[in-house]
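Residue-level listing of the chains:
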Amino acid sequence: MWLMLLISMLTFLISTVIMILTSILAKKTILDREKISPYECGFDPKGSSRLPFSLRFFLIAVIFLIFDVEITLLLPIAPVIYLSNIFSWLLTIVFFLIMLLLGLFYEWYQGALEWSE
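Owing to the predicted nature of the structure, the values given are computational and were not obtained by experimental measurement.

### Examining the overall build of the protein chain
Thought 1: A tally of regular secondary structure across the protein chain gives five helices and zero strands.
Thought 2: Relative to its 117 residues, the protein chain shows a buried fraction of 7%.
Thought 3: Accessible surface, the protein chain: about 10800 Å² in total, of which carbon and sulfur atoms supply 76%.

Okay, here's the thing in structure tokens:
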């Protein structure tokens, strides 16, 4: 019990000393303020927060999320196919991919993937 307490205190002490040394030795200049500021979607973080947001950014993000979720749904299928009936899973995978491709073609047809304004 005492050994765990000693190790915990030693770990806390070492990490605190390292953080203090880092903050003392770090170079902080006014020119670094621009580097450490957040940058997202081309907006100036120090400007007005009520600027209109482009719907194109939102649509691309949604399409990315859809295909990201698709990958997470397709990856576990390979081990499951090995353990069960391959033909029923093949039909399920083909149906799933056809539905995704139809959704992608619909997005393409509606112009969500074109960036020109």
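### As for the UniProt feature "transmembrane region" (unreviewed entry) in the protein chain
Thought 1: Under the UniProt annotation, the feature "transmembrane region" (unreviewed entry) is placed at residues 6-26, 57-80 and 86-106.
Thought 2: Within residues 6-26, the helical portion is 95% and the strand portion 0%, while the C-alpha atoms at the span's ends are 30 Å from each other.
Thought 3: The span residues 86-106 is 100% helix and 0% strand, and its two end C-alpha atoms sit 30 Å from each other.

### Considering the confidence of the model for the protein chain
Thought 1: On average, residues of the protein chain score 78 in pLDDT, and 76% of them are at 70 or above.
Thought 2: The least confident element of the protein chain is helix H2 (residues 32-36), whose mean pLDDT is 64; the most confident is helix H1 (residues 2-25), at 91.

### A look at the packing of helix H3 (residues 55-74) against helix H5 (residues 86-110)
Thought 1: Close contact between H3 and H5 brings their axes to 12 Å; oriented N to C, the two are set at 170°. Overall, the two elements H3 and H5 adopt an arrangement that is roughly antiparallel. Contacts between H3 and H5 involve Ile 63, Ile 66, Phe 67, Glu 70, Leu 73 and Leu 74 from the former and Ile 93, Phe 96, Leu 97, Leu 100, Leu 104 and Glu 107 from the latter.
Thought 2: Here the residues of the contact of H3 with H5 are counted per class, giving 10 nonpolar, no polar and two charged.

Reading the values: the criteria
- One numbering rule holds for all chains: residues counted from 1, following each sequence as written.
- Per-residue local features are limited, in this predicted model, to residues with pLDDT of at least 70; the limit for side-chain atom pairs, both in listing and counting, is 80 or more; totals at the level of whole chains, interfaces and linings are taken over all residues.
- Calculated side-chain values reflect all of the structure's heavy atoms, with hydrogen atoms and water omitted.
- Starting at the N terminus, helices and strands are each numbered in turn, a helix being any DSSP run of H or I of at least four residues and a strand any DSSP run of E of at least two.
- Classification of residues uses two cut-offs on accessible area relative to the type maximum, computed with a 1.4 Å probe and protein chains only: under 20% is buried, over 50% is exposed, and between them is partly exposed.
- Using the Shrake-Rupley algorithm and a 1.4 Å probe, accessible areas are obtained, with residue cover drawn only from the displayed protein chains.
- UniProt positions are given in the numbering used here, feature names are shortened, and annotations may be inferred rather than shown by experiment.
- Each residue carries a pLDDT value, the predictor's own confidence for that position, ranging from 0 to 100.
- To obtain each axis, a line is fitted to C-alpha atoms, and for helices this fit is confined to the stretch in contact; angles are then taken between N-to-C directions over 0 to 180 degrees.
- Our angle categories are set so that under 35 degrees counts as roughly parallel, over 145 as roughly antiparallel, 65 to 115 as roughly perpendicular, and the remainder as oblique.
- Whether two residues are in contact is decided by their heavy atoms, any of which lying within 4.5 Å being enough.
- Residues are grouped as follows: nonpolar covers Ala, Val, Leu, Ile, Met, Phe, Trp, Tyr, Cys and Pro; charged covers Asp, Glu, Lys and Arg; every other residue, Gly included, is treated as polar.

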